[in-house]
Amino acid sequence: MDPKCIGFLYLGETHTEFTALARCLSAHGIESRLIDLTQCRSIQWDEYSLINVRECRGYHRHPDFSSKIDDLKSKLGHVPMTNSFSVIRAAIDKANYLRELELAGVDLIPTVWLKRGESITLEEIIGKTGWHDFVVKPTVSSKNWNAYRVVVNGNEIQIVKADINMSFRDIKTNNVFTDLMELCDVCVQQFMPEIFSRGELSFVFIDNEFSHAIRKTVAPNNWLAHEFFGGNNEYYQATANEISWAEHIFTKLDQKYGDFLYARIDAIPDNRRLLLLECELMVPRLFLNEGHALERYVQAMKKRLI
Ligand SMILES: Nc1ncnc2c1ncn2[C@@H]1O[C@H](COP(=O)(O)OP(=O)(O)OP(=O)(O)O)[C@@H](O)[C@H]1O
Ligand SMILES: [Mg+2]
C-alpha cells in the first residue's frame with residue numbers, strides 16, 4: 001500500500017500543536033505536508049489522502065480566502081477536505097451559523113446583528129438594548145481582530161481594545177464604531193462579566209464526539225480570555241450537564257452540516273447556565289495536549305484517509 005500523506009493548508013502560521021501532531025502522524029506512517037494556500041497552483045492534489053484546513057490561521061486577514069477555498073473544491077476531485085466545504089462556508093461568518101443557532105433556540109449571549117454600512121450609532125444601540133457594557137466585533141474575525149469592549153458611564157464612554165484603552169468624554173466624539181461599520185458586518189454582544197470569575201469554557205469535539213473541555217481565564221487588567229493577552233488555558237472537568245448542553249448544540253450543527261473531524265463550542269457561564277459565545281469549526285486550536293487527545297485526533301484523521 002502507498003504511504004499516505006495529509007496536506008495541511010496554512011497561511012504562514014501554524015498552531016503550536018502542529019509539530020506534535022506531525023510527529024504523531026509520522027509514528028502512524030502518515031506524512032504531513034504544509035501547503036501554503038496562497039501558493040498552491042502547482043500542487044498535485046491526487047498525491048494526498050486528505051486535506052486539512054485547520055492550520056489556516058489568520059484567514060480573516062486574507063480577503064480572497066473564501067474564493068481560494070471555492071477554487072480548491074473543483075481541483076481536489078475525490079480527495080476529501082476536512083472539515084468539509086459546507087462547514088467552512090458556514091463557519092467563516094458568525095452571522096451565518098451562529099445566527100442560525102440562535103434562531104433554532106440555542107442560548108446565545110444576547111447579540112445584535114448589523115450589516116456593513118447600516119446607519120446606526122452607538123447611542124442608538126445603547127438606547128435599543130439598554131446595555132452599558134458590550135463587545136463589538138466583526139462577524140468575520142478571529143484572534144480578537146477588531147474586537148473591542150464598550151463601557152458606558154453616563155455620557156462618558158470607554159472603548160477598550162486588546163491592547164489600547166481609549167476614553168471619550170462624549171459618546172459622540174469618537175468614530176471607532178462608525179469606522180468598523182464601514183469596513184464589515186458587525187455583531188454587538190452584551191458583555192458577560194462572569195468571564196472574570198468563571199472564565200470561558202471550550203468544549204472540544206473530535207470525530208463527532210465530545211472529547212474534552214478547557215477553561216480559559218483572563219489575565220489581571222485585561223478582559224480577553226486569551227493566552228496571547230496573559231490568560232491561561234487549563235483542562236476542565238466538565239459536568240454531565242455541561243457536556244449535554246454542548247452536545248445539544250453540536251447535534252444541531254451535525255444535522256445541518258454533517259461529518260466533523262473537529263469542532264469547538266465556546267461558552268461563558270452566567271450564574272444560572274451556559275451561554276454560547278461562538279463555535280470554532282474551521283481553524284480552532286483544539287488543546288490536544290491539555291486534553292490528552294492527540295492520539296484520538298490522529299485516529300479520527302486515519303478514518304478519513306482515502
Ligand atoms: N460577549 C462577551 N462577553 C465577554 N467576553 C467576550 C464577549 N465576546 C467576546 N469576548 C472576549 O473576546 C474574545 C474573542 O471573542 P470571540 O471568541 O467571540 O471572537 P473571535 O474573533 O472569534 O476571537 P478568537 O479567535 O480569539 O476566539 C473571547 O475569547 C472573550 O475573551
Ligand atoms: Mg473565540
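The preceding data block contains the structure.
Summarised in this report is the structure supplied together with it. Each chain has its residues counted from 1, following the order in which its sequence is written. Lettering for chains starts from A, numbering for ligands starts from 1, and both go in the order in which the items are written. Restriction of local features to residues with pLDDT of at least 70 applies here, the model being predicted, together with a cutoff of 80 or more for giving and counting side-chain atom pairs; totals for whole chains, interfaces and linings are based on all residues. Values shown for side chains rest on all heavy atoms present in the structure; no hydrogens or waters enter the calculation.

Remarks on the overall build of the protein
No. 1: Secondary structure summary: the protein contains nine helices and 15 strands in total.
No. 2: Taking 306 residues into account, the globule formula puts the C-alpha radius of gyration at 19 Å, and the protein, at 20 Å, falls close to it.
No. 3: The principal-axis extents of the C-alpha atoms in the protein amount to approximately 70 × 45 × 35 Å.
No. 4: Counting across all 306 residues of the protein, residues that qualify as buried make up 55%. Helix and strand definitions here come from DSSP, where helices need a minimum of 4 consecutive H or I residues and strands a minimum of 2 consecutive E residues; each element is numbered from the N-terminal end. Based on C-alpha atoms, the radius of gyration is set beside the globule rule, defined as 2.2 Å times the residue count to the power 0.38. Working definition: with a 1.4 Å probe on protein chains only, accessible area under 20% of the residue-type maximum means buried, over 50% means exposed, and in between means partly exposed.

Notes on unusual backbone geometry
No. 1: Residues Thr82 and Asn83 are joined by a peptide bond in cis, for which omega reads -5°.
No. 2: Residue placement: Asn83 occurs in the loop between strand S4 (81–82) and helix H3 (85–91).
No. 3: Notably, Asn144 is not glycine yet its phi reads approximately 60°, a positive angle.
No. 4: Locating Asn144 in the fold gives a position in the loop between strand S6 (133–138) and strand S7 (148–153).
No. 5: Residue Asn144 is classed as partly exposed on the basis of its relative accessible area of 23%.
No. 6: You will see that Phe287, though not glycine, has its phi angle at about 50°, which is positive.
No. 7: By secondary structure assignment, the location of Phe287 is in the loop between strand S15 (274–280) and helix H9 (294–304).
No. 8: Under the relative-accessibility criterion, Phe287 is labelled buried at 3%.

Brief notes about the site of ligand 1
No. 1: To be near a molecule or strand, a residue needs just one of its heavy atoms within 4 Å of it. Of all residues adjacent to ligand 1, which total 22 residues, the nearest are Lys137, Lys143, Glu200, Ala225 and Glu278.
No. 2: In protein, a polar contact means a hydrogen-donor-capable atom and an acceptor-capable atom, both N or O and within 3.5 Å, with residues adjacent in sequence counting only if both atoms are side-chain atoms; elsewhere, any N or O pair within 3.5 Å suffices. Interatomic distance of 3.4 Å between a backbone N/O atom of Asn144 and an oxygen atom of ligand 1.
No. 3: Here a nitrogen atom of ligand 1 sits 3.1 Å away from a polar atom, N or O, in the side chain of Gln189.
No. 4: For ligand 1, whose free accessible area comes to 590 Å², the fraction covered by protein is 96%.
No. 5: Of all elements in the fold, only S6, strand S10 (186–190) and S15 reach the threshold of two or more residues within the shell around ligand 1.
No. 6: At three residues, the largest contribution of residues to the shell around ligand 1 is made by S15. The accessible surface values rely on the Shrake-Rupley method and a 1.4 Å probe; as for residues, cover is taken only from the protein chains in view.

A short note on the side chain of Arg54
No. 1: Examined against the element boundaries, Arg54 turns out to sit in strand S3 (residues 50–55).
No. 2: Taking relative accessible area as the criterion, Arg54 reaches 1% and is therefore assigned buried.
No. 3: A polar atom in the side chain of Arg54 sits 3.1 Å from the side chain of Tyr297.
No. 4: When near neighbours in sequence (up to four residues on either side) are disregarded, Arg54 contacts His15, Glu17, Leu21, Tyr262, Met282, Val283, Pro284, Arg285, Leu286, Leu288 and Tyr297. Here, two residues are considered to be in contact whenever any of their heavy atoms come within 4.5 Å of each other.

So, the pattern of salt bridges
No. 1: By convention in these notes, a salt bridge is any Lys or Arg side-chain nitrogen within 4 Å of a carboxyl oxygen on Asp or Glu. This structure, assessed with the given rule, holds 24 salt bridges.
No. 2: Linking Arg273 and Asp107 is a salt bridge whose minimum nitrogen-to-oxygen distance equals 3.6 Å. Taken together, the residues span a long stretch of sequence, with Arg273 in the loop between strand S14 (262–269) and S15 and Asp107 in the loop between helix H4 (94–103) and strand S5 (111–114) at a distance of 166 residues.
No. 3: Taking the relative accessible area as the measure of exposure, Arg273 reaches 32% and is therefore partly exposed.

A short note on the packing of helix H1 (residues 18–27) against H9
Relative placement of two packed helices is described by the angle separating their axes and the distance separating the axes.
No. 1: Convention adopted: a line fitted to C-alpha atoms gives each axis, helices being fitted over their contacting stretch, and angles between N-to-C directions are expressed from 0 to 180 degrees. Close contact between H1 and H9 brings their axes to 10 Å; oriented N to C, the two are set at 60°. Relative to H9, H1 is oriented oblique. Of the two elements, H1 crosses H9, and the hand of that crossing is right-handed. Across the interface between the two elements, Ala20, Leu21, Cys24 and Leu25 of H1 pack against Leu294, Glu295, Tyr297, Val298 and Met301 of H9.
No. 2: Following the grouping adopted for this structure description, the nonpolar residues are Ala, Val, Leu, Ile, Met, Phe, Trp, Tyr, Cys and Pro, the charged ones are Asp, Glu, Lys and Arg, and the polar ones are all others, Gly among them. Grouping the amino acids of the contact of H1 with H9 by side-chain chemistry returns eight nonpolar, no polar and one charged. Note on terminology: angles under 35 degrees are roughly parallel, angles over 145 are roughly antiparallel, angles of 65 to 115 are roughly perpendicular, and the others are oblique. For any pair of crossing helices, the crossing counts as left-handed if the nearer helix is rotated counterclockwise from the farther one by less than a right angle, and right-handed if it is rotated clockwise.

Observations regarding the nonpolar core
No. 1: Of all hydrophobic cores here, the largest spans 77 residues; its most connected members are Leu9, Val53, Phe65, Phe203, Ile265 and Leu276.
No. 2: The biggest single contributor to this core is helix H8 (residues 240–257), with seven residues.
No. 3: Segment limits for the domains were obtained from an automatic or database-derived domain assignment. When residues of this core are assigned to domains, at least three fall in each of domain 1 (4–83) and domain 2 (91–108 + 194–287).
No. 4: Ignoring anything within four residues of it in the chain, the contact list for Val53 reads Leu9, Phe65, Ile69, Met81, Thr82, Asn83, Ile88, Tyr262, Met282 and Val283.
No. 5: In this structure, Val112, Leu122, Phe177 and Val186 belong to the second largest nonpolar core, which totals 23 residues. Here the nonpolar core consists of buried residues drawn from Ala, Val, Leu, Ile, Met, Phe, Trp, Tyr and Cys, with membership extended through side-chain atoms lying within 4.5 Å.

Focus on H9
No. 1: Burial in H9 covers these residues: Leu294, Tyr297, Val298, Ala300, Met301 and Arg304. The buried residues of H9 all sit within an arc of 160° when viewed along its axis, so they share a single face.
No. 2: Next to the buried residues of H9 lie strand S1 (4–10), H1, S3, S4, strand S11 (200–206) and S14. The directions from the helix axis to the C-beta atoms are what the arc is built from.

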